[in-house]
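Below, each chain spelled out in residue letters.
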Amino acid sequence: MRIPAIKGFDQQALEKYFKNTGLSFIGKVGSMVIKMGITVLVARYLSKDRLGIITGGVTYVYLFSALATLGLDQFVVKELHQFPENRDKILGTSFWMRIASGLLSIPLIWLAYQAYPAKGTPYSYIFVFSLIGITQAFNIIDAYFQSQVQSKYIMQVQVVGNLLSGIIKLLLIYLQMPLAAFVYAYAFDFLLIATGYFFTYQRKGRSIFTWRYNGQLAAKLLSHSWPLIISGVMVSLYMKIDQLMIQNISGTAEAGAYATVATLSEAWNFVPTVIVTTLFPAILNARRDDLERYKKRIQNLYDLMVYLSLPAAVIITFASPLIYKILYTHEFAYAAPALSVHIWSGVFVFLGAANSQYLIAEGYTKLTFIRTGFGAIVNIVLNLILIPKMGMMGAAIATLVAYAASAFFVLLIPKTTKQGVMMLKSLLLISLFQKITKR
């Protein structure tokens, strides 16, 4: 079935997009449904207070996840795309770089906990979570399959891994196991995914044992990715610091209730990642071959982000009380208004993810760091002001403002002001109106 002709709409590009992203998207949706269902059941079993305790530990992992992954994914995909004959060197170098950064994260997480401990969450839980950074080194295999446009392998690993993870957690609930068991189960999730990637890569004549480290390539990758590492830390900071601040200011019970808000609101944030990851090679090709098409593809990407995120935000805003009534126990119901606000941050997450591809394509990776740092500062300041007065609603407002400030920070930079204007055209539906009127 073809979509009716709209000037500026590329039917062939749409068909290519669905062909390339279909399996990956299905895998992500399947994983999200499984994880969401299990997360809800775990929350109902643990109750607000114990959920807040475990959330405090998970937060430290997210804060250092960018350091553990080194922001390498996009650059590894690009290297594999340009130099497929160097596969073993590229993957081996990236893998050992991630192992080293994962080990480095462990003492850094300890220092962060000493400087700003999560009240009510023991360090023993934090230590278990800190080991996750090492197992995530195997996720570099994901980048390889992305470069080969073989999303079915990624889908298989994710779906099977999440199914096994779900079964384990259901068993823990059935056996009425203590909180510590869920801490180990959460860390084990990442080991399951790593194991899945390992065995999947080993097929068809491939072997991780042929990977080799190259110091020159490591320096090259690090020289490109260090701004993204810092940017990723900043992103993690302004995405998760609110949960840690709520726990320390308002207690573990409030943190547990807010964790359900963040989980529901951020569950669909994988969508822009899947889209922009798949379209990145096409964007790079357009920049090389046809600057006008390059500009049009960027605008169409912004439009797509708004078309997907805006309706979802509107629906969830009005449906949030019903969502909590259906999914959670009565003790969580008061978090529904915070979800109605927090969900709008997704619109800016979608636009920011699309704009990041432009910044990478143009080599403006340092700007990515600056704008996410700006967003982190805005979020922390607003959290300090609003959480003591408004609790989780204050955190939701702070998150929304911080995401918007980060996404549209490019308006303040002369060389990227036009990109900010293009995003505003999409957000205000001006671009859609122009396409319709020019039919």
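Residues numbered from 1 in each chain as written. Predicted model: local features only at pLDDT ≥ 70, side-chain atom pairs only at ≥ 80, totals over all residues. Heavy atoms only, no water.

Per an unreviewed UniProt entry, the chain is named Flippase, and its organism is Mucilaginibacter psychrotolerans. In UniProt, the chain has this text filed under Subcellular location (unreviewed entry): "Cell membrane". (UniProt positions renumbered as here; feature names shortened; annotations may be inferred.)

A few words on the overall build of the chain. What the chain contains, in helices and strands, is 18 helices and zero strands. With respect to the principal axes defined by its C-alpha atoms, the chain has extents near 60 × 55 × 40 Å. Here the chain, with 439 residues, has 53% of them falling under the buried criterion. Put simply, 82% of the contacts in the chain that link residues at least 6 apart link residues at least 24 apart. When the accessible surface of the chain is totalled, it reaches about 19,700 Å², and 68% of it is carbon and sulfur. (Helix = DSSP H or I, 4+ residues; strand = E, 2+ residues; numbered from the N terminus. Buried < 20%, exposed > 50% of the residue type's maximum accessible area, 1.4 Å probe, protein only. Contact = heavy atoms within 4.5 Å. Areas by Shrake-Rupley, 256 points an atom, 1.4 Å probe, with all protein chains shown as cover.)

Our focus in this paragraph is the domain arrangement of the chain. Here the chain is described as being made up of domain 1 (1-224) and domain 2 (268-438). Domain 1 and domain 2 are separated by 22 Å when their C-alpha centres are compared. (Domains from an automatic or database assignment.)

Moving on, we come to the nonpolar core. Ranked by size, the top nonpolar core spans 58 residues in total, and within it Y60, F129, F182, V261, Y324 and M392 carry the most contacts. When residues are assigned to domains, this core turns out to be shared by domain 1 (1-224) and domain 2 (268-438), each giving three or more. If sequence neighbours within four positions are ignored, Y324 has contacts with A257, T260, V261, L264, F332, A333, A335, A336 and L339. I343, F408, M422 and M423 belong to the second largest nonpolar core, which has 38 residues in total. (Core = buried A, V, L, I, M, F, W, Y, C linked by side-chain atoms within 4.5 Å.)

With that settled, the discussion passes to the pattern of salt bridges. In the structure shown here, the tally under the stated rule is three salt bridges. In this structure, K169 engages D189 in a salt bridge whose closest nitrogen and oxygen atoms are separated by 2.6 Å. With K169 in helix α7 (residues 151-174) and D189 in helix α8 (residues 179-201), this pair connects stretches of sequence that are 20 residues apart. Across the pair, exposure class does not vary: K169 and D189 are buried alike. (Salt bridge = Lys/Arg side-chain N within 4 Å of Asp/Glu carboxyl O.)

Turning our eyes to something else, we now look at the side chain of Q419. Along the chain, Q419 falls in helix α17 (residues 417-427). Take Q419: its relative accessible area is 8%, and that puts it in the buried class. A polar contact of 2.6 Å, which involves the side chain of Q419, links it to the side chain of Y302. (Polar contact = N/O pair within 3.5 Å; in protein donor to acceptor, adjacent residues only side chain to side chain.)

Where helix α14 (residues 345-362) contacts helix α16 (residues 392-407), the two axes come as close as 8 Å, and the packing angle between them is 25°. The angle between α14 and α16 falls in the class roughly parallel. In the crossing of α14 with α16, the sense of the turn from one axis to the other is left-handed. Of the residues in α16, those touching α14 at S345, F348, V349 and G352 are T399, L400, Y403, A404 and A407. Residue composition of the contact of α14 with α16, by class: six nonpolar, three polar and no charged. (Axes fitted to C-alpha atoms, helices over the stretch in contact; angles between N-to-C directions. Parallel < 35°, antiparallel > 145°, perpendicular 65-115°, else oblique. Left-handed = near helix turned anticlockwise from the far one by under 90°. Nonpolar A, V, L, I, M, F, W, Y, C, P; charged D, E, K, R; others polar.)

If you check α16, its first and last C-alpha atoms are 23 Å apart, about what 16 residues at 1.5 Å a residue would give, namely 22 Å. Listing the buried residues of α16 in full gives M392, G394, A395, A396, A398, T399, A402, Y403, A405, S406 and A407. (Expected span 1.5 Å × (residues − 1).)

Okay, unusual backbone geometry next. Of note in the backbone geometry, S47 takes a positive phi value of approximately 75° without being a glycine. Its location among the elements puts S47 in helix α1 (residues 11-69). Positive phi, close to 65°, is recorded for L429, a residue that is not glycine. Tracing the backbone shows L429 in the loop between α17 and α18 (430-437). Taking the relative accessible area as the measure of exposure, L429 reaches 35% and is therefore partly exposed.

A few words on the packing of aromatic side chains. On inspection of all chains with the given rule, the structure shows 20 aromatic pairs. Where F198 meets F209, the ring centres are 6.3 Å apart and the plane angle is 80°; that geometry is what we call edge-to-face. Within this pair, whereas F198 is found in helix α8, its partner F209 is found in the loop between α8 and α9 (215-250), the two being separated by 11 residues in sequence. Under the relative-accessibility criterion, F209 is labelled exposed at 64%. The interplanar angle of 25° and the centroid separation of 6.5 Å between the aromatic rings of Y294 and Y358 together place this pair among those described as stacked. Taken as a pair, Y294 in helix α12 (residues 291-327) and Y358 in helix α14 lie far apart in primary sequence, 64 residues in all. Note on accessibility: Y294 and Y358 belong to one class, buried. By way of ring pairs, the aromatic residues F95, W96, F138, F198, F199, Y201, F209 and W211 are connected into one cluster. Its end group placed over the ring of Y201, R206 keeps NZ or CZ at 5.5 Å from the ring centre. (Phe/Tyr/Trp six-rings, centres within 6.5 Å; stacked < 30°, edge-to-face > 60°. Lys NZ or Arg CZ within 6 Å of the ring centre and 35° of its normal.)

Now for the confidence of the model for the chain. Per-chain confidence: the chain averages 83 in pLDDT, with 90% of residues scoring 70 or above. The weakest mean pLDDT in the chain belongs to helix α2 (residues 73-82) at 73; the strongest belongs to helix α13 (residues 336-342) at 95. The low-confidence segment residues 1-9 (pLDDT under 50) makes 15 contacts with residues lying over four places distant or belonging to another chain. (pLDDT = per-residue confidence, 0-100.)

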